[in-house]
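The residues making up each chain are set out below.
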Amino acid sequence: MKILVVDDERDIQTLFEQRFRKEIRDKSLEFVFAFSGEEALTYLQKNEHEVVIILSDINMPGMSGLELLRHIKQIYQNPPPVVMMITAYGDAENFDTAKKYGADDFLTKPVDFNLLKEKFKQ
Amino acid sequence: MKTIRLKFLLVIILCAFTMKNSDGQTSRIDSIRHLIETSLPDSNRVNLLLELGDNYYSIDPELFLKSKQDALLFSQKLNYVNGEFRSRFDMATYWWGIGEYPNALKLMLPMIKLNEINKNNWRSTFTYFSLASTYRDIGIYPEALKYAYLAQKYNKLLETSDMTNMANAVIASVYYEMNNLDSALLYIQKSRSYGWTKGSSGWQIYTAGRIYAKTNQVDSAFVFYYMAVDDLIRGNNKKDLANTYNSLGSLFQKIGNLDSALVYIQKGIEIAKKDSLSKELYNSYLILSVIYEKRNVDSAFYYLKSALAAKEKLYGQEKVEQFVSYKFNEELQEQEIKATEQQFKNRIRIYGLLVLAGVFLMLVTIMIIRNNQKGKLTRMLQKQKEEIQNQNKQLNQTLTELKSTQSQLIQSEKMASLGELTAGIAHEIQNPLNFVNNFSEVNTELIDEMQQEMDKGNLIEAKAISNDIKENEQKINHHGKRADAIVKGMLQHSRSSSGVKELTDINKLADEYLRLAYHGLRAKDKSFNATMKTDFDESIGKIDVIPQDIGRVILNLITNAFYAVQTHVETRHALSLQQTTQQPDYDPTVIVSTKNMGNNVIISVRDNGPGIPAPIRDKIFQPFFTTKPSGQGTGLGLSMSYEIVTKGHGGELKVVSREGEGAEFTIILPL
């Protein structure tokens, strides 16, 4: 199962690779990383059907996570990838907008990885 | 049926300017127009025309007036008095509502005679209501009072309590304007004793509030005003709502709460502008000019000018002539003309007496001056001396007051920019925390794994894991420090400046504030987006500045730059909606750069926003100058920045801007 992680913080890659090192080792999960919304869209265009889950930060310079979400849900409808939003602000407005744009899930930072693992299993 | 019609009219005349809902009116309009085309030229057609006008009311004033005018002409041809009354009354109410009083009078004065010929109590009542309100708002109070009492007289014959409370309130409102507050209070209480219906008594409640405000019963006034706002919103009565907001603003100004005053006046202006309510707009500007009198003479002057412009529209010379000519042209009331003539004669007599008295006084004065020239001169000098001393005292007092106000305002500017920062800080801190928490959890797991490998005797694997742990530890440390720096920066910003220069990494400072400003804005406005670019000269190293002060300057310039590009995006968007032509692509960009010039350091903040228009370019550093909508900017950001750079650091703060291309602010700090 391929997961695309989008965040402008570079250390997020090390963090995910470490926290999911077992899953990566036994190849139950595969991670790719994009460090901006634009980069994520370019990746998706090239590898449309590979990515199953997209995890995106909301506040990023340039294209925000919410815009990325809107684009993804508009372009890729068959089959739609699962998009989970991660944000530092757990405010209602972000949550509502994310839901309106069709986000499948909403997580707040700091990320609870045990919870995230549970969600991936589902 | 009659009562319903009366109530409908009542809602309008409640000195009311009620906007009706325009949804679904177009289809109704079409069907009425169709009915008119097929109708016989009788009173039915007049009623249809009137109804057509009602439907145009909130959509198109011109068509509203045209339908009513057509109805009027038809009614006159048919001798259909009710139709004539309704068309005149509806048009008069409209003109009165937007402050075009001569038109209102021209329409309503002929009704007096018509009502005498065709006696009808409710037509008389409403005719006099209309005339009373119009004369009251022109400022001819005896006339207004006369008609208000006449309205009350016919009103009583109708025997509905709604109407009586209305008549009493109108009388109260005239007395209020005449400054006869005891009578005003009496009549408004009378009005209240008949009971005020929710949703249609806003104007009466507002009148009560005004009377209490004028009699200095501030608490009661506030209670009534707030009640009135509630009721007027409920009744969708824009004109009186604007009035109530103005009065609230005025009352807050009186008790010294200028911020609240500004908020309410702004609300009033918004409505008055939208519905072209000249009188209300005039009042708003007048109150604004009073508020700014103590804050900023330039703004006060500006608002006074706006008020005068609005007043010119209301009571200009031309209009006054119109009032007079309508009154006479109608040749309605010869008695009145006679009375006026009598008044005029009296006035001439009074003027004559005054002139005589004046001449006499002058003669006496000249004699006194002759006699006492010397003594007077000494006395005059003494008096002048006293006056000067007095003025000096006053000036000193004003200066002290100004100083304390200034320090308060500087504090509030600091708090405002701190508010902008808070959201950014929340975001900036969650990110490093995310890493600290998660990397430390990973490390706990990794240590377990390492121990297992060691138990197995697999030392190579254990060593590899230990390397990961070490790397993670470094990351934890790095992100911990990052959070620490953010908190320290926030504390520094809110603390009063230490005034002590420290060796500071100017690039790091600029970068931090750029991110904070960006996230702060994003937190407030989710749709906001802009490209940030940095171009830092690493050869600068650390320079000696007061970090919290220079940080504040940089933050200020960056926030302004973001604001500029954001407004540019908005205006371009608005333009593109109006025009069909495609606009070239626009990428809102803010660039922060530093440069080492050898004997000084340049920090520049550049944006590609709308630029600063030449006429205001030399005003932007003045205290309180702001282009932001009222309430959004303190107008102190740039003036404080200027002070910090020039006085605090011996540097320069400059601006270069070309309209339509953007602006660049440069801070030059000597090394």
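The notes below deal with the structure included here. (Residues numbered from 1 in each chain as written. Chains lettered and ligands numbered in written order. Predicted model: local features only at pLDDT ≥ 70, side-chain atom pairs only at ≥ 80, totals over all residues. Heavy atoms only, no water.)

Brief notes about the overall build of chain B
Here's step 1: Counting its secondary structure elements, chain B contains 23 helices and 7 strands.
Here's step 2: The 671 residues of chain B split such that 45% are buried.
Here's step 3: Expressed as a percentage of contacts within chain B between residues at least 6 apart in sequence, the contacts between residues at least 24 apart total 66%. (Helix = DSSP H or I, 4+ residues; strand = E, 2+ residues; numbered from the N terminus. Buried < 20%, exposed > 50% of the residue type's maximum accessible area, 1.4 Å probe, protein only. Contact = heavy atoms within 4.5 Å.)

Points about the nonpolar core
Here's step 1: Membership of the largest hydrophobic core comes to 102 residues, with the highest contact counts inside it found for Leu131(B), Tyr135(B), Tyr147(B) and Leu288(B).
Here's step 2: Listed in part, the 41 residues of the second largest apolar core include Leu555(B), Leu557(B), Ile612(B) and Ala663(B). (Core = buried A, V, L, I, M, F, W, Y, C linked by side-chain atoms within 4.5 Å.)

A word on the pattern of salt bridges
Here's step 1: Following the criterion strictly, the structure yields 26 salt bridges over all chains and no others.
Here's step 2: Linking Asp230(B) and Arg234(B) is a salt bridge whose minimum nitrogen-to-oxygen distance equals 3.6 Å. Taken together, the residues span about one helical turn, with Asp230(B) and Arg234(B) both in helix α12 (residues 218–234) at a distance of 4 residues.
Here's step 3: Salt bridges linked by common partners bring Arg19(A), Arg21(A), Glu441(B), Glu445(B) and Glu449(B) together as one network. (Salt bridge = Lys/Arg side-chain N within 4 Å of Asp/Glu carboxyl O.)

A word on the sheet that holds strand β2 (residues 531–535) of chain B
All names here are of chain B.
Here's step 1: The sheet built from 5 strands is open, its strands ordered β2-β4-β5-β7-β6 with mixed pairing. Of all strands in the sheet, those bounded by a partner on one side alone are β2 and β6 (652–658). Recorded for the sheet is a direction-independent mean angle of 15° between the axes of neighbouring strands.
Here's step 2: As judged from the 7 bridges shared by strand β4 (residues 589–596) and strand β5 (residues 600–607), these two strands associate in the antiparallel manner. Bridge assignment links Ser-593 to a residue of β5, and that residue is Ser-604.
Here's step 3: Helix-sheet contacts for helix α23 (residues 637–649) involve β6 and β7 (662–670), and the interaxial angle to β7 is about 25°. (Pairing = 2+ DSSP bridges. Axes fitted to C-alpha atoms, helices over the stretch in contact; angles between N-to-C directions.)

A look at the packing of aromatic side chains
Here's step 1: Tallied over the full model, the rule gives 35 aromatic pairs over all chains.
Here's step 2: Centre to centre, the rings of Phe20(A) and Phe120(A) are 5.6 Å apart; their planes meet at 40°, and the pair counts as tilted. In this pair, Phe20(A) sits in the loop between α1 (11–19) and α2 (21–25) while Phe120(A) sits in helix α6 (residues 113–121), placing the two residues 100 residues apart along the sequence. A single burial state applies to Phe20(A) and to Phe120(A), both of which are buried.
Here's step 3: Look at Phe85(B) and Trp122(B): their rings are 5.8 Å apart centre to centre, the planes differ by 85°, and that puts the pair in the edge-to-face class. A residue pair is termed long-range when its members are at least 10 positions apart, and Phe85(B) in helix α5 (residues 81–97) and Trp122(B) in helix α7 (residues 121–138) qualify at 37 residues. A single burial state applies to Phe85(B) and to Trp122(B), both of which are buried.
Here's step 4: One aromatic cluster is present, formed by Phe16(A), Phe20(A), Phe31(A), Phe33(A), Phe113(A) and Phe120(A) through successive ring pairs.
Here's step 5: The ring of Phe20(A) carries the charged tip of Lys117(A) above its face, separated from the ring centre by 5.6 Å.
Here's step 6: A cation over an aromatic ring shows up here: Lys77(B) above the ring of Phe74(B), its NZ or CZ 5.6 Å from the ring centre. (Phe/Tyr/Trp six-rings, centres within 6.5 Å; stacked < 30°, edge-to-face > 60°. Lys NZ or Arg CZ within 6 Å of the ring centre and 35° of its normal.)

Topic: the environment of Phe20(A)
Residue and element names in this part refer to chain A.
Here's step 1: Note on Phe-20: relative accessible area 0%, which makes it buried.
Here's step 2: Phe-20 sits 11 residues away from Phe-31 along the chain, and the two C-alpha atoms are 9.2 Å apart.
Here's step 3: If sequence neighbours within four positions are ignored, Phe-20 has contacts with Leu-29, Phe-31, Phe-113, Leu-116, Lys-117 and Phe-120.

Let's talk about α6(A)
Residues and elements named next belong to chain A.
Here's step 1: Where α6 is concerned, the buried positions are Phe-113, Leu-116 and Phe-120. One side of α6 carries all its buried residues, which in axial view fall inside an arc of 50°.
Here's step 2: Measuring from the backbone nitrogen of Asn-114 back to the side-chain oxygen at the start of α6 gives 3.1 Å, which picks out Asp-112 as the cap. (Arc of directions from axis to C-beta. Polar contact = N/O pair within 3.5 Å; in protein donor to acceptor, adjacent residues only side chain to side chain.)

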